[in-house]
Amino acid sequence: MSSRRALAPAKLNLSLHVRRMDSSGLHPVRGLTLSIDRNDILDMAPAESDHLEIHGADLPTGDQNLVWKAVSALRSGRSDRPPVRFELWKRIPVAAGLAGGSSDAAAALLLYGSLAGRDRAHLSQPAAAIGADVSFCLRGGLRWIGGYGEQLGDRLNLDDDFVLVVAVPPFMLETARVYSAWDRLGEPEGRTVSGTAIPPGIRRHGPLVNDLYPAAVSIEPDLDDWRVELKSRWDRPVLMSGSGPSLYAFFRDTAEAGEGLDLVPEEARGAFVAVPQDRGAHLVEDG
C-alpha cells in the first residue's frame, strides 16, 4: 500500500429547518446544504500501528476522533485490516458549523475503504452510522437533506452565479448546547432571506432560513453583533451555517467577494472566500 491523499470539503447550510425532538432524542431537520472549496487534507500511509497526527488545530487524536470512528466502521472486528498512519491538515475552522470533522470522517472512509475494497457506493451505511453530516460530506454538492441529516436528496443543479464570503467570529458554539437552547426557547423560527437577496440560481429553493440562529444568539449574544456589523459592511443579508457561529453572505464573483473579505473584522478567527463545488470528500486521484 502506498500513501494516498483525500480532500475533505467544508459544508454550508443555506437553509436549516429544525423540528421538535422525537423519541430518539434527536431533532429531525430539513435543509439546503452546499459543499464549498475550503478543504481539510487527509493523508493515509501504511504503518506498524495506528497513528493520527493533526496540524493546524488542537484536537484529540484517539478513538474519539471521527477519523478513527470511520476506520472502526470499516474494520468491523476484522483482524485482516492493516494499521495505518493518518496525517491531517486542518484548514476548516473547528466548532464553526462547517462540518469539518464530519468531512474528515468521509475522507477517512474513502481512504480506508480503498484498502477494504469498499468504493463510494458501498460507504453510505457506515457514513450514516458515524454522524449526521458524514453522509452529505461523502456525496457533497447542493442537496436537500432530511432525517437527522443523513437522508440525502438528489444533487441539484449548481449555477455558476455566486460565490460566498465566510467569516468565523472569535468564539465557538457547541452543537448540542445550541439545540438544547432551541428547545428551551420554545422552538423558534429563524429570520428569513428571500427574493433578490438570494442568487438567481438558488432563488427557487428559498426563502432561506436557519432556525438555530435565535438559540445560538441566546448563548452568545455577540453573534448578533457580528451579523449586524457584517451586514452593514457587506451591504447585504448575512446568514449563519449550522449551529454557528460561521456567518456568510452571497457575492456575484470572486472579485467582489475579495473586496468583501477585506471588510471582515480582524478579530475573526477565520475568514475566506468560498466557491461552491459539486462534490464532497474525494481522493486526489479523482481529479
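First things first, this report covers the structure right here in the doc. (Residues numbered from 1 in each chain as written. Predicted model: local features only at pLDDT ≥ 70, side-chain atom pairs only at ≥ 80, totals over all residues. Heavy atoms only, no water.)

Quick look at the overall build of the protein
Turning to step 1, where the next piece is worked out: The helix and strand tally for the protein stands at 9 helices and 14 strands.
Turning to step 2, where the next piece is worked out: Here the C-alpha radius of gyration of the protein, 19 Å, is about what a compact globule of 287 residues would show, namely 19 Å.
Turning to step 3, where the next piece is worked out: Across its three principal directions, the C-alpha atoms of the protein cover 55 × 45 × 35 Å.
Turning to step 4, where the next piece is worked out: Per-residue burial over the protein gives 50% buried out of 287 residues.
Turning to step 5, where the next piece is worked out: For the protein, the exposed area adds up to about 12,700 Å²; of that, 46% sits on carbon and sulfur atoms.
Turning to step 6, where the next piece is worked out: Separation of charge centres in the protein, based on 31 positive and 39 negative side chains, amounts to 4 Å. (Helix = DSSP H or I, 4+ residues; strand = E, 2+ residues; numbered from the N terminus. Rg over C-alpha atoms; globule rule 2.2 N^0.38 Å. Buried < 20%, exposed > 50% of the residue type's maximum accessible area, 1.4 Å probe, protein only. Areas by Shrake-Rupley, 256 points an atom, 1.4 Å probe, with all protein chains shown as cover. Lys, Arg positive; Asp, Glu negative; His and termini not counted. Charge placed at Lys NZ, Arg CZ, Asp CG, Glu CD.)

Some thoughts on the sheet that holds strand β11 (residues 247–251)
Turning to step 1, where the next piece is worked out: Ordered in space as β10-β11-β7-β12, the 4 strands form an open sheet in which the pairing is antiparallel. Looking along the sheet, the strands with just one partner apiece sit at the ends: β10 (239–240) and β12 (270–274).
Turning to step 2, where the next piece is worked out: Where strand β7 (residues 163–168) and β12 come together, 5 bridges link them in antiparallel fashion. Considered in β12, the bridge of Val168 is made with Gly270.
Turning to step 3, where the next piece is worked out: Sitting on the sheet, helix α8 (residues 222–234) is in contact with β7, β10 and β11, with an inclination near 20° to β11. (Pairing = 2+ DSSP bridges. Contact = heavy atoms within 4.5 Å. Axes fitted to C-alpha atoms, helices over the stretch in contact; angles between N-to-C directions.)

Re the side chain of Asp40
Turning to step 1, where the next piece is worked out: Checked against the element boundaries, Asp40 lands in strand β2 (residues 29–46).
Turning to step 2, where the next piece is worked out: From its side chain, Asp40 meets the backbone nitrogen of Arg91 in a polar contact 2.7 Å long.
Turning to step 3, where the next piece is worked out: With near-sequence residues (within four places) excluded, Asp40 lies in contact with Ala6, Leu7, Ala8, Leu88, Trp89, Lys90, Arg91, Ile92, Gly100 and Asp104. (Polar contact = N/O pair within 3.5 Å; in protein donor to acceptor, adjacent residues only side chain to side chain.)

A word on helix α9 (residues 254–262)
Turning to step 1, where the next piece is worked out: Among the residues making up α9, those that are buried are Glu256, Ala257 and Gly260. Each buried residue of α9 sits inside an arc of 100° when the element is viewed along its axis, so together they form one side. Seen from the open side of α9, the exposed residues pointing more than 90 degrees away from its buried face are Ala255, Glu259 and Asp262.
Turning to step 2, where the next piece is worked out: Where α9 is buried, its residues contact β7, α8, β11 and β12. (Arc of directions from axis to C-beta.)

Focus on the environment of Val134
Turning to step 1, where the next piece is worked out: Examined against the element boundaries, Val134 turns out to sit in helix α4 (residues 134–139).
Turning to step 2, where the next piece is worked out: Accessibility expressed as a relative area gives 0% for Val134, which makes it buried.
Turning to step 3, where the next piece is worked out: When the C-alpha atoms of Val134 and Pro60 are compared, they prove to be 19 Å apart, with 74 residues separating the residues in sequence.

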